[in-house]
Amino acid sequence: MSATLKGRAGLPPLPAELANRAVFPDDRGYAMVRSSYMAAGSPAVVIMATTADEVAAAVRYAADAQGPDGERLPVAVRSGGHGIAGTSTNHGGIIIDLSRLDAVDLDPDAHRVRAQAGAGWGKVSTVLAPHDLTITSGNFGDTGVGGLATAGGVGYFARSQGLTIDRVRAAQLVTADGRVRWVDAEHEPDLFWAVRGGGTHVGIVTEVELEPTRMNTRSGDASIIYQEVGYAVTDLGAFTQAWGEWIDGAPRAAEGFLMLNATGSGRTIVRARNVWAGDDTAAATPVLEAALGLGQVFEQQAFITPYPQIVPSPGQPHLGQQAIRMRDVLVDRADAEVGRAMAQALADRTTLLGEIRALGGAVSDVDPSATAWAGRHQRALVGTWLRPAGTVAEDASFAPLQQLGTGTYAAYSSDVRPASAELAWPGDTGTRLRALSEQVDPEGLFTQGHSLRRR
Ligand SMILES: Cc1cc2nc3c(=O)[nH]c(=O)nc-3n(C[C@H](O)[C@H](O)[C@H](O)COP(=O)(O)OP(=O)(O)OC[C@H]3O[C@@H](n4cnc5c(N)ncnc54)[C@H](O)[C@@H]3O)c2cc1C
């Protein structure tokens, strides 16, 4: 940490309240904060805010700061540091890091949990589970509240609870003018609409208030039933068709997630992770048994486990170690066409792995215009992990799936080009989001990463 700031890294001096919050390249702690999980960075300064007011001070500083040659500096926002596009770090710019804003407070009587942006979803799950409560979130505990609760949130309870943004009841937001606001359905409803699915378009969310779901489990600790199935698949079209029909026909308590690897011998190894929301084995058993009939099973296990166990938090330092690329599309249904396109994508040497995740259910209950996530009718999220091979090769490897897409989940994609943003925020959603962004952020402070205003 730095006390004497004037002129460091060629930047203007920081305001007094941030004097002990800044980490510069020649500071000892810099190596641990310069990068995100997916990208190595070399920012000019990382501001480790500890309060919403400090975030606001950092925003005001970033809005005014100029580099040595009078140029505008890139500004990145970081909460959990797990953004797929690696845009929570940069080179030569300012990082506003919220990882120290990581409190999670449950009010069981009010049935509300407040989570600060820098907390991970694993921490949220451990606060909720003893009260027999869950929240739909991603399935990795170290992804941040800030990045996920603004982007969407597709997890093991999607079909039963919807997206994470569907459980947000209020948010604390710092806008580009450095103001701290609480937004909800009554207070600044337009901004409240935008923070639920619009990412960073209208500012930095420092805290969200969420409505968790009571599980009514016999165990009383939010246990769920977890099933893993390994299939050796020769006809991925037929398998995907059968899987899509199985999950679409299953009760909403069931959630399905596939990870797919080509073997090179014409077979695909498909690993399914199925979750039943709750510990009602009598209700779950026929559904999970039906999953065993979808293909040639080479291994399987099913067990009851506390919900935090499926939201693991290894807590690794972020050194840009996961330097892969990802692409995704929302498709109307998981069917034979999707399966055949996935087989084609997996056959490309740039593709490392495929994913198919079930949507529908409670996700589709929400009116497409109610939040800034418009993709409510699609019933599957399909993505691939890619080795970094350059845009041309990455486009080519994903092309068979891309052409089937009718939307994109921006936070699941490394593609930050304008066309990707148009797919993530299509039509009226995009028009409204862009207008709100231009209104509250006229100078375009928050246009790094997935943005309709990225040039
Ligand atoms: C291993 C892994 C597993 C994942 N699993 C899932 C999953 O199951 N489901 C799912 O939905 N997603 C999943 N994701 C995607 C992930 O949830 C998103 O990329 C999310 O944006 C990460 O949030 P973060 O705070 O950790 O990211 P960060 O890297 O901190 O931020 C990523 C971007 O989000 C924006 N942002 C961050 N904080 C804020 C804030 N406070 N206010 C406004 N904007 C902000 C910024 O534009 C930033 O560039 C996964 C990602 C990884 C790496």
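This one's a predicted model, so the numbers in the text were calculated from it and none came from an experiment.

**Observations concerning the sheet that holds strand β2 (residues 45–48)**
Thought 1: The strand order β1-β2-β4-β3 describes an open sheet built from four strands, whose pairing is mixed. Each edge of the open sheet is held by one strand with a lone partner, namely β1 (22–23) and β3 (75–78).
Thought 2: Two elements, β2 and strand β4 (residues 94–97), share four bridges in a ladder whose sense is parallel. Note that in β4 the partner of V45 across the bridge is I94.
Thought 3: Sheet strands touched by helix α2 (residues 52–64): β2, β3 and β4. Its angle to β4, the strand with the most contacts, is close to 170°.

**As for the nonpolar core**
Thought 1: Residues W121, V208, Y231, F239, W243, Y307 and I356 are the most contacted members of the largest nonpolar core, which totals 87 residues.
Thought 2: Per-element tally for this core: the top contributor is strand β12 (residues 223–233), with six residues.
Thought 3: Excluding residues that lie within four positions of it along the chain, Y231 makes contacts with F239, T268, I269, V270, A272, A291, L292, L294, G295, Q296, V297 and F298.
Thought 4: Counting 29 residues, the second largest nonpolar core, distinct from the first, contains L18, A56, Y61 and L98.

**Things to note about the site of the ligand**
Thought 1: The ligand sits among 32 residues. The nearest are S79, S88, N139, T200 and V205.
Thought 2: Here I84 contributes a backbone N or O atom positioned 3.4 Å from an oxygen atom of the ligand.
Thought 3: Interatomic distance of 2.7 Å between a backbone N/O atom of V154 and a nitrogen atom of the ligand.
Thought 4: For the shell around the ligand, the secondary-structure elements that each account for two or more residues are β3, α4 (145–151) and β10 (204–210).
Thought 5: Take the shell around the ligand: its biggest share by element is four residues, from α4.
Thought 6: Along the lines of polarity and charge, the residues of the shell around the ligand split into 13 nonpolar, 17 polar and two charged.
Thought 7: Counting only domains with at least three residues in the shell around the ligand, you end up with domain 1 (20–97) and domain 2 (104–216).

**Some thoughts on the side chain of R181**
Thought 1: Looking at the element boundaries, R181 is found in strand β9 (residues 180–184).
Thought 2: Reaching out from R181, the side chain makes a polar contact with the side chain of D177 at a distance of 3.3 Å.
Thought 3: Apart from the residues within four sequence positions on either side, R181 is in contact with A171, Q172, L173, T175, E188 and L191.

**Some points on the pattern of salt bridges**
Thought 1: Throughout the structure, instances matching the rule amount to 21 salt bridges.
Thought 2: Between D415 and R417 there is a salt bridge, with the nearest N and O atoms lying 2.9 Å from each other.
Thought 3: The exposure class assigned to D415 is buried, which follows from its relative accessible area of 10%.
Thought 4: According to the relative accessible area criterion, R417 is partly exposed, its value standing at 34%.

**Some details on the domain arrangement of the protein chain**
Thought 1: Looking at the protein chain, the domain boundaries give domain 1 (20–97) and domain 2 (104–216).
Thought 2: Of note, the centres of domain 1 and domain 2, computed from C-alpha atoms alone, are 23 Å apart.
Thought 3: At the junction of the two partners, domain 1 supplies twelve residues and domain 2 supplies 18 residues.
Thought 4: Taken together, the two surfaces of domain 1 and domain 2 that pack against each other cover about 1,000 Å², and 74% of this comes from carbon and sulfur.
Thought 5: Our count for the contact surface shared by domain 1 and domain 2 stands at zero salt bridges.
Thought 6: Remark: the boundary between domain 1 and domain 2 carries two residue pairs in polar contact (both at pLDDT 80 or more).
Thought 7: Of all the elements, α2 adds the most residues to the side of domain 1 that touches domain 2, at seven residues.

**Let's talk about the packing of helix α7 (residues 236–249) against helix α9 (residues 336–347)**
Thought 1: Across the interface, α7 lies against α9 with an axial gap of 7 Å and an inter-helix angle of 135°. With respect to their mutual orientation, α7 and α9 come out oblique. Judged by the sense of rotation from one axis to the other, the crossing of α7 with α9 is right-handed. Every residue of α9 that contacts α7 at L236, G237, T240 and Q241 is listed here: A336, V338, G339, R340, M342, A343 and L346.

**Brief notes about the sheet that holds β10**
Backbone hydrogen bonds are what pair the strands of a sheet, in a parallel or an antiparallel way.
Thought 1: With antiparallel pairing, five strands are arranged side by side in an open sheet as β5-β6-β10-β8-β9. Both edges of this open sheet fall to β5 (104–107) and β9, since each of them pairs with a single strand only. For this sheet, the mean inter-axis angle between neighbouring strands, taken without regard to orientation, is 15°.
Thought 2: Relative to β5, helix α3 (residues 121–128) is tilted by about 30°, and along the sheet it contacts β5, β6 (112–116) and β10.

About the thresholds
Residues numbered from 1 in each chain as written. Predicted model: local features only at pLDDT ≥ 70, side-chain atom pairs only at ≥ 80, totals over all residues. Heavy atoms only, no water. Pairing = 2+ DSSP bridges. Helix = DSSP H or I, 4+ residues; strand = E, 2+ residues; numbered from the N terminus. Contact = heavy atoms within 4.5 Å. Axes fitted to C-alpha atoms, helices over the stretch in contact; angles between N-to-C directions. Core = buried A, V, L, I, M, F, W, Y, C linked by side-chain atoms within 4.5 Å. Buried < 20%, exposed > 50% of the residue type's maximum accessible area, 1.4 Å probe, protein only. Near = heavy atom within 4 Å. Polar contact = N/O pair within 3.5 Å; in protein donor to acceptor, adjacent residues only side chain to side chain. Nonpolar A, V, L, I, M, F, W, Y, C, P; charged D, E, K, R; others polar. Domains from an automatic or database assignment. Salt bridge = Lys/Arg side-chain N within 4 Å of Asp/Glu carboxyl O. Buried area = accessible area lost by both parts, 1.4 Å probe. Parallel < 35°, antiparallel > 145°, perpendicular 65-115°, else oblique. Left-handed = near helix turned anticlockwise from the far one by under 90°.

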